[in-house]
Structure formats: C-alpha cells, structure tokens
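A structural walkthrough
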Amino acid sequence: MDLQQKLAVLADAAKYDASCASNSGVQRTSRNSNGVGSVTGAGICHSFTPDGRCVSLLKILLTNYCIYDCLYCVNRVSSDVQRARFTPDEVVQLTLDFYWRNYIEGLFLSSGVIRNPDYTMEQVVAVARKLRVEHEFRGYIHLKTIPEASQALIDEAGRYADRISINIELPTRADLAQLAPEKNAERIQQAMGAIRERIDASAEERKDGAGGTGFAAAGQTTQMIVGATDAPDHTILQQATTLYSNYKLRRVYYSAFSPIPSASSKLPLLAPPLVREHRLYQADWLMRFYGFQAHEITSQAAPNLDLRIDPKLAWALRNRHAFPVDVNKAPRALLLRVPGLGVRNVDRIIQARRWSSVRLADLIRLRVPIKKALPFIEAADHHPGRELDSDRLAARLKPPPEQMDLFSAPEASVLDGQL
C-alpha cells in the first residue's frame, strides 16, 4: 500500500474522533477550469486553539489495527475494514509536507492499540518527539493518549503536545463494561487525574517564571459516545459535570453513535437523532458559561432534553416564576438565564445601562432575538404583562409542526437523523 492509500484509509478512520470540528469535505479540483485550489478530503480538519484561532490540522490515525474489540468501534479487531499503518517517519514527513505547503497548521494523531498500550504509545510519542526535537516543528499538536500506557510515556507526550486527550468512551462504567470490556473506566479516570496534576504543576511552574510551553498547555479533552446505550441525557450531563470538576477538562465532546457494518446485536440499529448531540452541546455550553447545573437542565423525572427547543428556553418555560427579568436592574447571573440573551449581549446590556435605561430599540440594535426574549424581560418601555402565564406561550415559541407527506421524497431532518 503506498502512502496516499494509507492516508486515505487512516484519515477516513480518524473521522470518528469528534475532538476536531470537521473532517473530509467533498472533493473538488480546479483542474481544467479557471478556478483556484482544490480539496482532496484526505485528513484535513479544523480545530480551535485556546486563544480562539481556527487552525487546520492533519487528522489521522497512526494505524487502524487494534487488539481491542470495542463493539461500537469500526476499527475493532473483529471488524473486516481495510487496515493500514503509518510508520512514525511517514507521519512526520506527511505533517511537514502539508505544513510547508500551507495546507495545515498542526497535527491531530490518534491510533488503534497494537501489540500493547505501551508499544502503541511509544510510536505516537516518537512522532511528536521527531517533530519537536529533530525538526523543531512549532505547529499545533494534539495527541490522543492511551490510558493503559505507562505514566512516563503519557508525561513525555504532554511535553511535546499542545493538547492531549483520553476518551471516556461511554457515560457509565456499566456501559463500558458491556460494550468495551477490555477497557477500564477506573484506569481512564486515573490517567485523567494524573494528567490534571501535571497540567496544574506546569501552570504553577510557568507562573514562577520557569518558561517553556510546559505540559499540554492547551489542556486535556475527552469524548463520549451518545446513543450507543440507553443512558439518558441526565446521566450524560452528570458525567460531564464530574469530568469538568474533577479533571478540569477543557471540553467534553459528544459524538452521536454511528451504526457500523456487521454490528453486534447489543448495539441499536439506528443512529440517535443528530439534534440530540446538538442539544447536549447547548446544555454543556450552559453549564460552562451560563452558570447552570446539570440537575437544572434535566432531572430524574425528565431525564432527556427536549429536542424541539433549546435547553435554556425549556428551563425558562419550566421556571416562569423566575421571570420577567428587568434588563435595567437584574444581576448578570439572572440576565444569563433569559432565553435569547447570550454572554456577549448580557455584558453589553450591563455596560449600556450605566449610562441610560435600556429600551427595546437598544436590544434590537444588539440583535437580540426579540421574539424569543420578549416574554421573559422587562425594559424601560416594555412589560410582558400576563403573557408569561399564557398556556399558549410554549406552543408559540416552539417550531410549528409540519404536515408529513406520504408521497414526496424524504428530506433530511435534524429531528430524526434520517436522510
């Protein structure tokens, strides 16, 4: 297999890692036209750095051979997918070639487990070491680490990588034992804890003027598969809360389960609706930036997010007694709970009301979605009156139902995930 074939196989195999925002678009070329540029779709994706820059990454697996048999994984040992394997030198050369051509600004590298975790981790670390030490590569590197590998190897990975991540895989230990019995939730969390300690120690050293880029300066992340088991959104968000608080993760990525060829009978036949993944990201955002707790967004009694409306609006409709909120007097924490008011607009409102009373025209100039926010706010020239008590408020704010058609071609729907 030549290098280009390996790249096609191992870039495609990496698309299931949600740590990067996108991967592999439609192939286009400007050959035989007056256009410029081309897209090969092989392994170029985008990710965001801690300072907000969007960077292009070469996103590949070192190999899709794997000794594990995780039922949800297309690269499991019992799968009959085409296999390929890069050598560390091939990954290094690909990264440098793409970088010199200005196609990428960094590397995202993951791998199936071959021989044993330590051997695999040594290969991954060898790539990062060659790039950083031999070629003085200054681009972004994100390494997916293997929790069963020795701590010394994970430590070395953290010295070369900007970001490292370990997949928590599934929401509960019981789910992991059922679908990936060779993996151990306790070992995964121990590895996350050890990484957190080293990141904290490195941050302290930098404060003391030790210099250098330190240990995984962009932090650690993880990924959780959604919809492969019956775990409700309440369990998923509780797990995410634990991960954020115990291990100071930068991000928890939610990846909707994708049905795979020759799948086990333990797996669902259909993928979950893509909108469920979207609602989980919205709920995650509320927990990280809007001061919400997981138990406010979902509960034991209502364990799943409403797929028809965003979780902030759903919370507001359940807690109408907390509204209306006066945009000229309310504290920041309360303004952040108003549907339609984002962090940026809340800060702008607080700035503006220092000088004059905020009116509806001011909110329109800030591009606040007025229809969504109006029932929940008071302004200098607005009071919602009895609108909040209306039984029709929820129906008015939800998207209107659509009449299904038996005879037209089915359209893609974010509600059911079907094409």
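Residues numbered from 1 in each chain as written. Predicted model: local features only at pLDDT ≥ 70, side-chain atom pairs only at ≥ 80, totals over all residues. Heavy atoms only, no water.

Turning to the overall build of the protein chain, a few remarks are in order. Helix and strand content of the protein chain: 15 helices and eleven strands. Each of the 419 residues in the protein chain was classed as buried or not, and the buried ones make up 48%. Partitioning the contacts of the protein chain with sequence separation of at least 6, the portion at a separation of at least 24 is 65%. (Helix = DSSP H or I, 4+ residues; strand = E, 2+ residues; numbered from the N terminus. Buried < 20%, exposed > 50% of the residue type's maximum accessible area, 1.4 Å probe, protein only. Contact = heavy atoms within 4.5 Å.)

Let us look at unusual backbone geometry. Cis geometry is adopted by the peptide bond preceding Pro324, which originates at Phe323 and carries an omega value of 5 degrees. Counting through the fold element by element, Pro324 comes out in the loop between helix 10 (311–318) and strand 10 (325–326). Even without a glycine there, the phi angle at Lys248 is positive, about 50 degrees. Among the structural elements, Lys248 can be located in the loop between helix 7 (233–247) and strand 9 (251–256). Classification of Lys248 by relative accessible area gives partly exposed; the value is 46%. Here the phi dihedral of Arg367 falls at roughly 65 degrees; this positive angle occurs in a residue that is not glycine. Mapped onto the elements of the fold, Arg367 is located in the loop between helix 13 (360–365) and helix 14 (370–373). Given the relative accessible area of 75%, Arg367 is considered exposed.

Relative to the helices and strands, Tyr160 is located in helix 4 (residues 151–160). Given a relative accessible area of 15%, Tyr160 falls into the buried group. Residues Tyr160 and Val125, 35 residues apart in the sequence, show an inter-C-alpha distance of 8.1 Å. A distance of 3.3 Å separates a polar atom in the side chain of Tyr160 from a polar atom in the side chain of Glu156. (Polar contact = N/O pair within 3.5 Å; in protein donor to acceptor, adjacent residues only side chain to side chain.)

Turning our attention to the packing of helix 1 (residues 3–13) against helix 2 (residues 88–100). One way to put it is that helix 1 packs onto helix 2 with a least axis distance of 12 Å and a crossing angle of 90 degrees. On the basis of their axis angle, the class for helix 1 and helix 2 is roughly perpendicular. Of the residues in helix 2, those touching helix 1 at Leu3, Lys6 and Leu7 are Glu90, Leu94 and Phe98. Taken together, the residues of the contact of helix 1 with helix 2 break down into four nonpolar, no polar and two charged. (Axes fitted to C-alpha atoms, helices over the stretch in contact; angles between N-to-C directions. Parallel < 35°, antiparallel > 145°, perpendicular 65-115°, else oblique. Nonpolar A, V, L, I, M, F, W, Y, C, P; charged D, E, K, R; others polar.)

Summarising the model, the protein chain shows a mean pLDDT of 85, and 86% of its residues fall at 70 or more. Every residue in residues 21–26 scores below 50 in pLDDT, and together they form 15 contacts with partners more than four places removed in sequence or on other chains. Under a pLDDT of 50 for its full length, residues 410–419 has, in the predicted model, 14 contacts with residues more than four places off or in other chains. (pLDDT = per-residue confidence, 0-100.)

Here we take up helix 3 (residues 117–134). With 18 residues, helix 3 should reach 26 Å at 1.5 Å per residue; the first-to-last C-alpha distance of 25 Å fits that figure. Between the side-chain oxygen of the N-cap and the backbone nitrogen of Asp118 there are 3.1 Å, and the N-cap of helix 3 in question is Asn116. Once helix 3 finishes, Glu136 follows within two positions and takes phi at roughly 50 degrees, a positive value. (Expected span 1.5 Å × (residues − 1).)

Here we come to the pairing of strand 9. As a general feature of sheets, a regular strand has side chains that alternate between the two faces. Burial within strand 9 is extensive, with five of its six residues counted as buried. For strand 8 (residues 220–226) and strand 9, the ladder comprises six bridges, and the chain directions are parallel. Within strand 9, the position partnered with Ile225 by the bridge is Ser255. Following the backbone out of strand 8, through helix 7 and into the adjacent parallel strand 9, one traces a crossover that is right-handed. (Pairing = 2+ DSSP bridges. Right-handed = clockwise from strand over helix to strand, strands pointing away.)

This paragraph deals with the side chain of Thr145. With respect to the element layout, Thr145 can be found in the loop between strand 6 (140–144) and helix 4. On the accessibility criterion, Thr145 (4% relative accessible area) is buried. Thr145 has contacts with Met121, Ala157, Ile164, Ser165, Ile166 and Ile195, leaving out every residue within four places of it along the chain.

All told, the structure shown has 18 salt bridges when counted by the stated rule. A salt bridge links Lys130 to Asp89, with the nearest nitrogen and oxygen atoms 3.2 Å apart. With a gap of 41 residues between them, Lys130 in helix 3 and Asp89 in helix 2 connect regions that are remote in the sequence. The exposure class assigned to Asp89 is partly exposed, which follows from its relative accessible area of 48%. (Salt bridge = Lys/Arg side-chain N within 4 Å of Asp/Glu carboxyl O.)

Moving on: the nonpolar core. Ranked by size, the top nonpolar core spans 112 residues in total, and within it Ile60, Tyr72, Leu109, Leu143, Tyr254, Leu335 and Phe376 carry the most contacts. Leave out the neighbours within four places in its chain, and Leu335 touches Val325, Asp326, Val327, Ala330, Leu341, Val346, Ile349, Ile350 and Arg353. Counting six residues, the second largest nonpolar core, distinct from the first, contains Val55, Leu57, Tyr140 and Ala218. (Core = buried A, V, L, I, M, F, W, Y, C linked by side-chain atoms within 4.5 Å.)

Take the packing of aromatic side chains next. Both the distance between ring centres and the angle between the ring planes are used here to describe each pair of aromatic rings. Across all of its chains, the model carries seven aromatic pairs by this definition. Consider the rings of Phe292 and Trp315, whose centres lie 5.4 Å apart with planes at 90 degrees: the pair is edge-to-face. With Phe292 in the loop between helix 8 (274–289) and helix 9 (294–297) and Trp315 in helix 10, the pair connects residues that are 23 residues apart, well separated along the chain. The class of Trp315 is buried, set by a relative accessible area of 9%. Ring pairs connect the aromatic residues Phe292, Trp315, Phe323 and Phe376, which therefore count as one cluster. Directly above the ring of Tyr119 sits Arg115, whose terminal nitrogen or CZ lies 4.1 Å from the centroid. The lysine or arginine in question, Arg337, covers the ring of Phe292, its NZ or CZ lying 4.0 Å from the ring centre. (Phe/Tyr/Trp six-rings, centres within 6.5 Å; stacked < 30°, edge-to-face > 60°. Lys NZ or Arg CZ within 6 Å of the ring centre and 35° of its normal.)

We now examine the pairing of strand 4 (residues 54–61). By the criterion of burial, strand 4 is predominantly enclosed, with seven of the eight residues buried. Relative to strand 5 (residues 106–110), strand 4 runs parallel, the two being bridged by five bridges. In the sheet register, Leu57 faces strand 5, and the bridge partner there is Gly106. Chirality of the crossover, the property in question, places the unit of strand 4, helix 2 and strand 5 among those that are right-handed.

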